[in-house]
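# Per-entry structural report
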Amino acid sequence: MGALQQESNFGALYGEQHRCPHCQALAQAQPDAALRWKCGVCGGPRVPQGVALGEEGMLALRGAHAAKGSAQVLRFVSWTLGLAAAATFAVAALAAFASPIAGGVVVAVAVALAVASARASRSASSARKRVVAGVEHAWENAIAEYVQHAPTSVTAAQVASALNMSDAQAEASLTTLAVHDRTRVDVGDDAQVRYGATTAQEIPQEISEGESEEQALRRRGES
Ligand SMILES: [Zn+2]
């Protein structure tokens, strides 16, 4: 059986949820310390099967993947320039024996290379920060999607278990979403903090037969 045939069978069995948004390969997402989840083929940031990101979340994930590529290139450039600077400093020491002027010129070149290396290193570190921010933003959108479509309001622990993340990660993202009015925060009778959809999507729990959702809401408001 050819690789293409195998891939199409895999796609038919598991659906398009396994398709990587970066390399388009049908591959399961794997847990990763830095990216939370990554593609087994291209190493790009992913979310596991069953987690919906929405359009904004998908854009954030693609941005994180692009930043990851930039960070790798810039790190390589920084290393190469750093090694070139070190080699040029060594040449400058030898050149200074022959002529102090030649030595000075070579030192100036070495300093310029070292400065360029440091700059590339700083850019690489800011690209790495963009990767973390992009992944975080993608997951915030995944949580917003989940809360928005949940039939009732949910706790941080419920979100964490549904989306395969730690309670602390879920809580941090839910707080950010609440600050930006993307989730509604309620404190229940049990003193538990719950997060709900911002639009009135919740279906009233005790809806009588023949009664519209609006009537049920009004009735509940009166009682
Ligand atoms: Zn991929």
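A short tour of the structure in this document, coming up. (Residues numbered from 1 in each chain as written. Predicted model: local features only at pLDDT ≥ 70, side-chain atom pairs only at ≥ 80, totals over all residues.)

Our next topic: the environment of V77. Relative to the helices and strands, V77 resides in helix 2 (residues 54-98). Among the residues examined, V77 registers 17 C-beta atoms within 10 Å and is labelled partly exposed. (Helix = DSSP H or I, 4+ residues; strand = E, 2+ residues; numbered from the N terminus. Buried ≥ 20, exposed ≤ 12 C-beta atoms within 10 Å, placed from the backbone.)

This brings us to the packing of helix 3 (residues 100-149) against helix 5 (residues 167-179). Running from N to C, helix 3 and helix 5 cross one another at 80°; their axes reach a closest spacing of 10 Å. The angle between helix 3 and helix 5 places the two elements in the roughly perpendicular class. Contacts between helix 3 and helix 5 involve W139, E140, I143 and A144 from the first element and A170, S173, L174, T176 and L177 from the second. Considering only residue class, the contact of helix 3 with helix 5 consists of six nonpolar, two polar and one charged. (Axes fitted to C-alpha atoms, helices over the stretch in contact; angles between N-to-C directions. Parallel < 35°, antiparallel > 145°, perpendicular 65-115°, else oblique. Contact = placed C-beta atoms within 7 Å. Nonpolar A, V, L, I, M, F, W, Y, C, P; charged D, E, K, R; others polar.)

Here we come to the environment of R182. Its location among the elements puts R182 in the loop between helix 5 and strand 3 (184-187). Of the residues examined, R182 has 18 C-beta atoms within 10 Å and is grouped as partly exposed. For the pair R182 and Q148, spaced 34 residues apart in sequence, the C-alpha separation works out to 8.8 Å. Contact partners of R182, with chain neighbours within four places excluded, come to A144, L177 and T198.

A few words on the nonpolar core. If you look at the biggest cluster of nonpolar residues, it comprises 30 residues, and the most contacted ones within it are A138, A142, I143 and V159. Contributions of two or more residues to this core are made by strand 2 (36-39), helix 2, helix 3, helix 4 (156-162) and helix 5. Tallying contributions element by element places helix 3 first for this core, with eight residues. For this core, the two domains that each supply at least three residues are domain 1 (18-149) and domain 2 (152-218). In contact with A142, other than residues within four places in its own chain, are V47, V51, A52, L53, G57 and L163. Listed in part, the seven residues of the second largest apolar core include L74, L81, A110 and A124. (Core = buried A, V, L, I, M, F, W, Y, C linked by C-beta atoms within 7 Å. Domains from an automatic or database assignment.)

For the rest of this paragraph, the subject is the pairing of strand 1 (residues 29-32). Judged from the four bridges that link them, strand 1 and strand 2 form a sheet pairing that is antiparallel. Paired with D32 across the strands is R36, a residue of strand 2. Between the end of strand 1 and the start of strand 2, which pair antiparallel, lie three residues. (Pairing = 2+ DSSP bridges.)

Positive phi is not limited to glycine here, since Q24 has a value of about 70°. Examined against the element boundaries, Q24 turns out to sit in the loop between helix 1 (3-14) and strand 1. Since 10 C-beta atoms lie within 10 Å of it, Q24 is described here as exposed.

Over its 13 residues, helix 5 extends 18 Å from the first C-alpha to the last, a length consistent with the 18 Å expected when each residue adds 1.5 Å. Every buried residue of helix 5 is listed here: A170, S173, L174 and L177. Within helix 5, the buried residues cover an arc of 100° as seen down the axis, which keeps them to one side. Projecting away from the buried face of helix 5 at angles above 90 degrees are the exposed residues A168 and V179. The inward-facing, buried residues of helix 5 contact helix 3, helix 4 and strand 4 (193-196). Of the residues one or two after helix 5, D181 is the one with positive phi, at around 60°. (Expected span 1.5 Å × (residues − 1). Arc of directions from axis to C-beta.)

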